[in-house]
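A structural walkthrough
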Amino acid sequence: MMYEELKQIVGHFQIEGEVDEIKPLGAGLINDTFKVTTKEENCLNYVLQRINHAIFQNVDMLQKNIEAVTAHIRKKLEEKNEEDIDRKVLHFLKSDNGKTYYFNGESYWRIMVFIPCAKTYEIVNPEFSFYAGQAFGNFQAMLADIPVQLGDTIPNFHNMEFRLKQLREAVAEDKAGRVDSIRYYIDELEKRADEMCQAERLHREGKLPKRVCHCDTKVNNMMFDEDGKVLCVIDLDTVMPNYIFSDFGDFMRTAANTGLEDDKDLEKVGFNMEIFKAFTKGYLEKATFLTPLEIENLPYAAALFPYMQTVRFLADYINGDTYYKIQYPEHNLVRTKVQFKLLQSVEENMSQMTDFIHECLNRGLVN
């Protein structure tokens with residue numbers, strides 16, 4: 001978009017100072033993001049975002065979720081007499097319609113205060129995985145008693161029963177005529193289907209609660225200060241009710257894979273136990289609200305997400321590649337094979353994961 005158009009959109013929000021510059025910020029895959037710099041030295045700078053309305057179809061619910069979450073975190077920080085609170089929780093501005101978003105007739109926009117002297121990292125190693133475990137465990141802990149019922153910004157996002165239903169429908173229709181060639185993977189997924197749907201069953205039985213989860217637990221969704229300490233968790237669009245397995249398992253799927261998500265050399269793909277141990281240690285130190293059932297099923301969570309992603313990639317391949325962007329005809333099949341190899345590696349490490357969690361419990365990392 002042209003500078004003047006962006007400046008006009010900014011004008012609908014209650015910012016301090018006069019706009020000096022608006023430039024693209026970061027390389028996010030979902031929303032379009034810009035940094036808004038003001039002319040006055042003593043004024044704040046801002047982050048302007050165009051919300052991806054194709055993915056987040058109920059923007060009002062999305063923003064109400066974020067408002068509730070950030071307000072509750074701010075309250076918790078104030079109760080603990082934390083310093084530098086404005087850098088430890090995101091702050092969204094209201095537009096001239098009284099909401100934390102503005103619709104210009106084509107797109108939905110929002111503005112948050114830019115956090116100064118802060119940065120993100122793309123590094124995935126044991127040190128940063130430990131920080132991530134602490135950050136996301138603390139994030140869940142602060143929101144464990146939030147008095148507001150949040151909405152589902154992406155319905156059925158991590159619902160395993162729903163994802164299997166999609167796969168079975170794809171197999172039945174076989175739109176691209178590919179089912180016969182990948183029958184092995186379909187059969188292997190069906191063998192594990194009952195086990196992998198246990199979260200939904202436990203919830204229906206009243207044994208497994210839904211909690212407020214981030215649902216996109218990546219290392220680069222944390223802001224660090226100048227000393228390398230975590231300031232806050234960012235990218236709150238997918239914050240919604242879910243099982244804690246979502247935050248734990250999704251981090252493991254992305255961070256603990258020793259290969260690439262579309263690695264053609266499956267020998268490179270495996271489950272990195274050092275990443276598991278680092279994240280788990282940090283997570284259990286902070287997520288002291290967990291029930292024994294949730295804790296004992298953390299290895300299941302580590303297996304659930306490569307399984308779920310195998311299901312999703314395979315369903316898209318069967319449907320003729322209609323959802324995920326591909327770079328070549330077999331791309332989704334390659335992704336499927338990677339996730340399934342990762343799943344197998346996780347399964348080989350299940351006893352080790354369980355033993356490590358028991359060690360953490362014995363060392364008193366969990367109340």
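Residues numbered from 1 in each chain as written. Predicted model: local features only at pLDDT ≥ 70, side-chain atom pairs only at ≥ 80, totals over all residues. Heavy atoms only, no water.

**Regarding the sheet that holds strand E1 (residues 19–24)**
One open sheet accounts for five strands, arranged E1-E2-E3-E5-E4; its pairing is antiparallel. In the strand order of this sheet, the two ends are held by E1 and strand E4 (102–103), each with one partner. Across the sheet, helix H1 (residues 3–10) is in contact with E1, strand E2 (32–38), strand E3 (46–51), E4 and strand E5 (108–113); its angle to E1 comes to roughly 115 degrees. (Pairing = 2+ DSSP bridges. Helix = DSSP H or I, 4+ residues; strand = E, 2+ residues; numbered from the N terminus. Contact = heavy atoms within 4.5 Å. Axes fitted to C-alpha atoms, helices over the stretch in contact; angles between N-to-C directions.)

**Considerations on the packing of helix H4 (residues 160–173) against helix H10 (residues 298–318)**
Contact geometry of H4 with H10 gives a least axis separation of 9 Å together with a crossing angle of 25 degrees. Between H4 and H10, the angle is such that the two are roughly parallel. As H4 packs across H10, the resulting crossing turns out to be left-handed. On H10, the residues touching Met 160, Arg 163, Leu 164, Leu 167, Ala 170 and Val 171 of H4 are Leu 304, Tyr 307, Met 308, Val 311, Arg 312, Leu 314, Ala 315 and Ile 318. When grouped by side-chain class, the residues that make up the contact of H4 with H10 number twelve nonpolar, no polar and two charged. (Parallel < 35°, antiparallel > 145°, perpendicular 65-115°, else oblique. Left-handed = near helix turned anticlockwise from the far one by under 90°. Nonpolar A, V, L, I, M, F, W, Y, C, P; charged D, E, K, R; others polar.)

**Focus on the pattern of salt bridges**
Applying the stated criterion to the full structure yields 29 salt bridges. With a closest N to O distance of 3.2 Å, Arg 87 and Glu 226 form a salt bridge. In this pair, Arg 87 sits in the loop between helix H2 (59–79) and E4 while Glu 226 sits in the loop between strand E7 (222–224) and strand E8 (230–233), placing the two residues 139 residues apart along the sequence. Here the salt bridges share partners, and the residues they tie into one network are Glu 188, Lys 191, Arg 192 and Glu 347. (Salt bridge = Lys/Arg side-chain N within 4 Å of Asp/Glu carboxyl O.)

**What about the packing of helix H5 (residues 183–196) against H10?**
Between H5 and H10, whose axes approach to 11 Å, the crossing angle comes to 140 degrees. Considering the angle they form, H5 stands oblique to H10. Two packed elements cross with a definite hand, and for H5 against H10 that hand is left-handed. Residues Tyr 185, Ile 186, Leu 189, Arg 192, Ala 193, Glu 195 and Met 196 of H5 pack against Tyr 300, Ala 303, Leu 304, Tyr 307, Thr 310, Val 311, Leu 314 and Ile 318 of H10.

**Here's the deal with the environment of Ile 15**
The topology assignment puts Ile 15 in the loop between H1 and E1. Spatially, the C-alpha atom of Ile 15 lies 8.2 Å from that of Tyr 46, the residues being 31 residues apart in sequence. Discounting chain neighbours no more than four positions away, the residues touching Ile 15 are Val 10, Tyr 46, Leu 93 and Ile 111.

**Some thoughts on unusual backbone geometry**
Of note in this structure, Cys 117 is not a glycine but carries a positive phi near 55 degrees. When you line up the elements, Cys 117 lands in the loop between E5 and helix H3 (126–142). Of note in the backbone geometry, Asp 321 takes a positive phi value of approximately 65 degrees without being a glycine. Topologically, Asp 321 is positioned in the loop between H10 and helix H11 (331–348).

**Some details on the pairing of E3**
Among the six residues of E3, five are classified as buried, and the element is accordingly described as predominantly covered. One ladder, built from five bridges, connects E2 with E3; its direction is antiparallel. Paired with Val 36 across the bridge in E3 is Tyr 46. (Buried < 20%, exposed > 50% of the residue type's maximum accessible area, 1.4 Å probe, protein only.)

**Here's the deal with the packing of aromatic side chains**
A full pass over the atoms with the stated rule returns 22 aromatic pairs. Relative to Tyr 108, the ring of Tyr 101 lies with its centre 6.0 Å away and its plane at 55 degrees, an arrangement referred to as tilted. On the basis of relative accessibility, which here comes to 18%, the residue Tyr 108 falls in the buried class. Arranged with centres 6.0 Å apart and planes meeting at 65 degrees, the rings of Tyr 131 and Phe 224 form a pair that is edge-to-face. You can see Tyr 131 sitting in helix H3 and its partner Phe 224 sitting in strand E7, a full 93 residues away along the chain. Through a chain of ring-to-ring contacts, the aromatic side chains of Phe 248, Phe 251, Phe 271, Phe 276, Phe 279, Tyr 283 and Phe 356 assemble into a single cluster. Across from the ring centre of Tyr 317, 4.1 Å away, lies the NZ or CZ of Arg 178, which sits over that ring. Geometry around Tyr 328 places Lys 264 over its ring, the cationic atom sitting 4.4 Å from the centre. (Phe/Tyr/Trp six-rings, centres within 6.5 Å; stacked < 30°, edge-to-face > 60°. Lys NZ or Arg CZ within 6 Å of the ring centre and 35° of its normal.)

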